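Coordinate inspection notes
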Amino acid sequence: MSLNLERAAMKGELVEMKLQAEKLRNRIKGDAEAIRVKLNTTRILPDDLEIPVVDEQMDQLKGSWAELISLKSRIADYERELR
């Protein structure tokens, strides 16, 4: 009986992790789009680029990406364990 409860708990955690991964993917898409727009040199002169803002957004993008990679590894571990 205890193993069934553990498996059920793991399945619940797996669902939550997959939802979090999707949120991270959406955040990454949004950050990447915002950065792309701010670096559009066909619209903005190089002198007017908001590099400090882009740099901050890149830090956020890198953090989200690292979190997603780590989460994907945990998801794969759970999926293997639940087979």
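Above: the structure in question.
Note that this is a predicted model, so its numbers are computed, not measured.

Within the protein one finds two helices and zero strands. For the protein, whose C-alpha radius of gyration is 19 Å, the value lies well above the compact-globule estimate of 12 Å for 83 residues. Over its C-alpha atoms, taken along the principal directions, the protein stretches across nearly 65 × 15 × 15 Å. Going through the 83 residues of the protein one by one, you find that 23% of them count as buried. At a minimum sequence separation of 6, the contacts of the protein that also span at least 24 residues come to 72%. Summing over all exposed atoms, the protein offers an accessible surface of approximately 6300 Å²; the carbon and sulfur share of this is 55%. If you average the places of the 15 positive and of the 16 negative side-chain charges in the protein, the two averages end up 8 Å apart.

A word on the nonpolar core. If you look at soluble globular proteins, the nonpolar side chains tend to sit buried side by side. Among the nonpolar cores identified, the biggest contains 14 residues, and Leu14, Met17, Ala21, Leu68, Leu71, Ile75 and Tyr78 are the most heavily contacted of them. Contributions of two or more residues to this core are made by helix 1 (2-38) and helix 2 (51-82).

Where charged atoms from two side chains of opposite charge approach closely, those side chains can pair. Applying the stated criterion across every chain yields a total of five salt bridges. Between Glu22 and Arg25 there is a salt bridge; the shortest N-O distance is 3.5 Å. Of this pair, Glu22 and Arg25 both sit in helix 1, three residues apart, roughly one helical turn. Taking the relative accessible area as the measure of exposure, Glu22 reaches 37% and is therefore partly exposed.

Mapped onto the fold, Leu5 is located in helix 1. The class of Leu5 is exposed, set by a relative accessible area of 59%. Each C-alpha atom, one on Leu5 and one on Val54, is 46 Å from the other, the two residues being 49 residues apart in sequence.

Note that Gln57 resides in helix 2. In contact with Gln57, other than residues within four places in its own chain, are Ala34, Ile35 and Lys38.

This paragraph deals with helix 1. In this model helix 1 runs 54 Å from its N-terminal to its C-terminal C-alpha over 37 residues, within 8% of the 54 Å that 1.5 Å per residue would give. Against the buried residues of helix 1 lie helix 2.

What counts, and at which threshold
- Residues numbered from 1 in each chain as written.
- Predicted model: local features only at pLDDT ≥ 70, side-chain atom pairs only at ≥ 80, totals over all residues.
- Heavy atoms only, no water.
- Helix = DSSP H or I, 4+ residues; strand = E, 2+ residues; numbered from the N terminus.
- Rg over C-alpha atoms; globule rule 2.2 N^0.38 Å.
- Buried < 20%, exposed > 50% of the residue type's maximum accessible area, 1.4 Å probe, protein only.
- Contact = heavy atoms within 4.5 Å.
- Areas by Shrake-Rupley, 256 points an atom, 1.4 Å probe, with all protein chains shown as cover.
- Lys, Arg positive; Asp, Glu negative; His and termini not counted.
- Charge placed at Lys NZ, Arg CZ, Asp CG, Glu CD.
- Core = buried A, V, L, I, M, F, W, Y, C linked by side-chain atoms within 4.5 Å.
- Salt bridge = Lys/Arg side-chain N within 4 Å of Asp/Glu carboxyl O.
- Expected span 1.5 Å × (residues − 1).

Everything listed here is a matter of geometry and, on its own, says nothing about what the molecule does.
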